[in-house]
Amino acid sequence: MTVLTATDPTTGRVVREVPAAGPDEVTATLDRAQQAFASWRERTVAERAEVLRAVAEHLREHTEEYAPLMTQEMGKPITEARGEVGKAAWCAEHYAEHAAEYLADEHIASDATESWVQYLPLGPVLGILPWNAPFWLALRFAAPALMAGNTCVMKHDPHVPGCAQALEAAFTAAGAPAGVFQALVTTTENTERAIRDPRTRAVSFTGSDRAGAIVASVAASEIKPAVLELGGSDPFIVLADADLPRAAKVAAQSRIINAGQSCIAAKRIIVEGSVHDEFVELLTEELAGLVMGDPSQETTQVGPIAREDLRENLHRQVTASIEAGATCVLGGELPEGDGWFYPVTLLTGVDDSMTVCTEETFGPVAAVVAVDDAEAAIALANDTPFGLGAAIWTETGRGTAMARRIEAGQVSVNGIVKTDPRLPSGGIKRSGYGRELGPHGIKEFVNAQQVWVGPSTA
């Protein structure tokens with residue numbers, strides 16, 4: 001029997017061992033999802049909304065039970081973990097409130113007496129999720145799919161089994177019907193079986209571009225729709241007319257949320273040369289003041305890297321970039337002691353050939369690249385195989401005009417790149433396809449059925 005192991009990245013000690021579901025349990029889980037779909041799809045949107053609101057209420061009431069699970073299993077600072085539980089609840093509430101509007105029939109004139117498009121559920125949807133935001137990503141996947149009338153099977157990352165089990169328990173405690181939302185705690189090897197199972201009608205994947213390519217190929221071979229939210233190497237452009245203190249503050253915040261372990265974190269900070277030195281001074285001050293330490297402590301702002309292998313890869317990227325000529329202004333050295341901590345690191349003198357620019361960095365490492373002007377900034381921002389998010393700091397009108405030229409799924413002008421239940425998010429190029437959240441996300445896993453009613457008026 002395979003056992004999934006959760007290790008506390010603060011101490012390096014095993015904190016949880018959970019038996020992994022085998023092939024028979026995978027089949028049984030999908031059986032339950034299919035059986036539940038038959039009745040869940042017949043519920044009105046208002047009736048589904050009652051369940052989602054109850055889930056949101058339960059999450060909020062049990063924040064102090066759920067937040068420490070994230071801190072323990074993947075090292076999220078406790079203050080951020082509490083915020084994540086609240087954001088997950090908000091997502092459930094948002095779709096409970098707006099699903100009817102998002103899914104309303106769309107009447108379209110034609111040669112019919114009447115014709116329209118109606119949005120109908122597909123069936124069980126498989127969500128394959130990563131470890132870095134266990135509660136938020138679960139509700140980001142599940143809330144729109146459930147409100148559209150689908151059922152959900154969540155295959156969470158093997159390193160956060162406690163979070164996965166807690167999420168299913170939360171739905172059960174809130175009164176969700178059996179089989180509507182289930183956690184499939186299993187190995188990566190069993191995931192292909194779940195994708196190929198004929199009861200699985202669609203797949204939502206969040207993770208690396210490498211794993212996403214595998215998931216996409218399997219889903220495509222079974223002719224099943226998929227949404228992929230993959231990695232990013234997000235540019236953060238700072239031009240000479242930007243509010244530099246504000247830009248520096250937001251750049252630091254964007255880079256170190258979840259110890260920098262976020263797909264939409266600012267990863268390449270591209271600064272116009274005339275303000276480069278001033279901006280670097282401001283950014284250094286912001287980053288140097290951050291507190292790294294035990295994520296269970298209220299004062300901690302930067303926790304550990306989630307796994308030892310991830311920390312080793314991050315240090316390799318930093319070391320290789322320094323050897324190639326980057327200047328290390330802050331951090332850059334592995335700390336001694338327990339756990340997989342990595343210091344907040346600032347590299348300047350970076351160019352687009354260095355590892356911190358050519359690879360996605362998943363950790364608290366800020367890389368600053370100087371450019372001559374706005375045209376050079378746009379060219380460098382787009383010079384990446386990824387296209388997830390981007391930020392532009394400049395005069396508002398200029399920034400909104402520049403946004404059209406940025407190759408990314410979302411662009412923030414004078415603000416932080418973030419996910420919001422009200423707005424669609426997703427990527428292009430190797431950052432994936434499809435959209436999650438907002439009115440666009442709920443329509444990813446529906447049958448947009450055309451209805452034509454005669455007689456013809458032609």
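Conventions used here
Residues numbered from 1 in each chain as written. Predicted model: local features only at pLDDT ≥ 70, side-chain atom pairs only at ≥ 80, totals over all residues. Heavy atoms only, no water. Helix = DSSP H or I, 4+ residues; strand = E, 2+ residues; numbered from the N terminus. Contact = heavy atoms within 4.5 Å. Areas by Shrake-Rupley, 256 points an atom, 1.4 Å probe, with all protein chains shown as cover. UniProt positions renumbered as here; feature names shortened; annotations may be inferred. Phe/Tyr/Trp six-rings, centres within 6.5 Å; stacked < 30°, edge-to-face > 60°. Lys NZ or Arg CZ within 6 Å of the ring centre and 35° of its normal. 1 Å grid on protein atoms, 1.4 Å probe; cavity = no way out; pocket = protein on both sides within 12 Å on 5 of 7 lines; lining within 4 Å. Points joined across faces, edges and corners; volume = space filled by probe spheres on them. Nonpolar A, V, L, I, M, F, W, Y, C, P; charged D, E, K, R; others polar. Domains from an automatic or database assignment. Core = buried A, V, L, I, M, F, W, Y, C linked by side-chain atoms within 4.5 Å. Buried < 20%, exposed > 50% of the residue type's maximum accessible area, 1.4 Å probe, protein only. Salt bridge = Lys/Arg side-chain N within 4 Å of Asp/Glu carboxyl O.

Asker: Could you clarify how one ought to interpret the overall build of the protein chain in this entry?
Answerer: A tally of helices and strands in the protein chain yields 15 helices and 18 strands. If one aligns the C-alpha atoms of the protein chain with their principal axes, the spans along those axes are about 70 × 60 × 40 Å. Here the contacts in the protein chain between residues at least 6 apart in sequence split such that 71% fall between residues at least 24 apart. Surface exposure of the protein chain reaches about 18,100 Å², of which carbon and sulfur atoms provide 50%.

Asker: Would you mind showing me how to read the UniProt feature "domain: Aldehyde dehydrogenase" (unreviewed entry) in the protein chain here?
Answerer: Feature annotation in UniProt assigns "domain: Aldehyde dehydrogenase" (unreviewed entry) to the following positions: residues 6–451. As annotated, residues 6–451 comprises 41% helix and 19% strand, and the C-alpha atoms at either end are separated by 50 Å.

Asker: What should I look at first to understand the packing of aromatic side chains in this one?
Answerer: The description of an aromatic ring pair uses the distance of the two centres, along with the angle that the planes make with each other. The full count for this structure, using the stated rule, is 5 aromatic pairs. Centroid distance F171 to F181: 4.0 Å. Interplanar angle 10°. Geometry classified as stacked. With F171 in helix α6 (residues 161–173) and F181 in strand β7 (residues 181–183), the pair connects residues that are 10 residues apart, well separated along the chain. Note that K87 overlies the ring of W136, its terminal NZ or CZ placed 4.5 Å from the centroid.

Asker: Explain empty space enclosed by the protein here, please?
Answerer: The method is simple in principle: a probe with the dimensions of a water molecule rolls over the atoms, and the space it marks as empty is what remains. In the structure shown here, the tally under the stated rule is 3 cavities of 30 Å³ or more. Empty space within the largest cavity amounts to approximately 90 Å³. Considering the residues around the largest cavity, the lining is formed by 15 residues, among which F141, P144, G441, E444 and F445 are closest to the centre. Take the lining of the largest cavity: its biggest share by element is 4 residues, from helix α5 (residues 134–147). Residues of the lining of the second largest cavity, tallied by class, amount to 7 nonpolar, 4 polar and 3 charged.

Asker: Which parts of the structure should I look at to understand the layout of surface pockets?
Answerer: Of the voids in this model, the largest pocket is the one considered here, and its volume is about 1,100 Å³. No other element matches helix α8 (residues 209–221), which puts 6 residues into the lining of the largest pocket. The residue makeup of the lining of the largest pocket, split by class, is 17 nonpolar, 12 polar and 10 charged. Formed jointly, the lining of the largest pocket draws a minimum of three residues from each of two domains, domain 1 (3–230 + 429–453) and domain 2 (235–413). Taken as a whole, the second largest pocket holds about 900 Å³ of empty space. If you go around the second largest pocket, you meet 35 residues; those closest to its centre are E80, K87, I257, N258 and S262. For the lining of the second largest pocket, the secondary structure elements donating two or more residues are α4 (78–102), α5 and α9 (244–256). Ranked by residues supplied to the lining of the second largest pocket, first place goes to α9 with 6 residues.

Asker: What is the right way to look at the nonpolar core in this model?
Answerer: Grouped burial of nonpolar side chains is what soluble globular proteins tend to show. Residues L59, L139, F279 and L287 are the most contacted members of the largest nonpolar core, which totals 102 residues. Here this core gathers at least three residues from each of two domains, domain 1 (3–230 + 429–453) and domain 2 (235–413). With sequence-adjacent residues up to four places away left out, F279 is seen in contact with V238, L244, A247, A248, A251, I269 and V271. Judged by nonpolar contacts, the second largest core, of 27 residues, contains V350, V369, V371 and I406.

Asker: How should unusual backbone geometry be read in this particular structure?
Answerer: Leaving glycine out, the prevailing phi sign among residues is negative, and the prevailing peptide bond configuration is trans. Across the junction of G454 and P455, the peptide omega takes the value 10°, indicating a cis bond. Looking at the secondary structure, you find P455 in the segment after β18 (446–453).

Asker: Can you help me understand the pattern of salt bridges in this one?
Answerer: When charged atoms on two side chains of opposite charge get close, those side chains can pair. Under the counting rule described, the total for this entry stands at 20 salt bridges. E229 is paired through a salt bridge with R140; the nearest N and O atoms lie 3.3 Å apart. Of this pair, E229 sits in strand β9 (residues 226–229) while R140 is found in helix α5, placing the two residues 89 residues apart along the sequence. Taken individually, E229 and R140 each receive the classification buried, so the pair is uniform in this respect. The salt bridge involving D197 is made with R199; its shortest N-O contact spans 2.6 Å. Under the relative-accessibility criterion, R199 is labelled buried at 19%. Each of D31, D197 and R199 takes part in one network of salt bridges that share partners.

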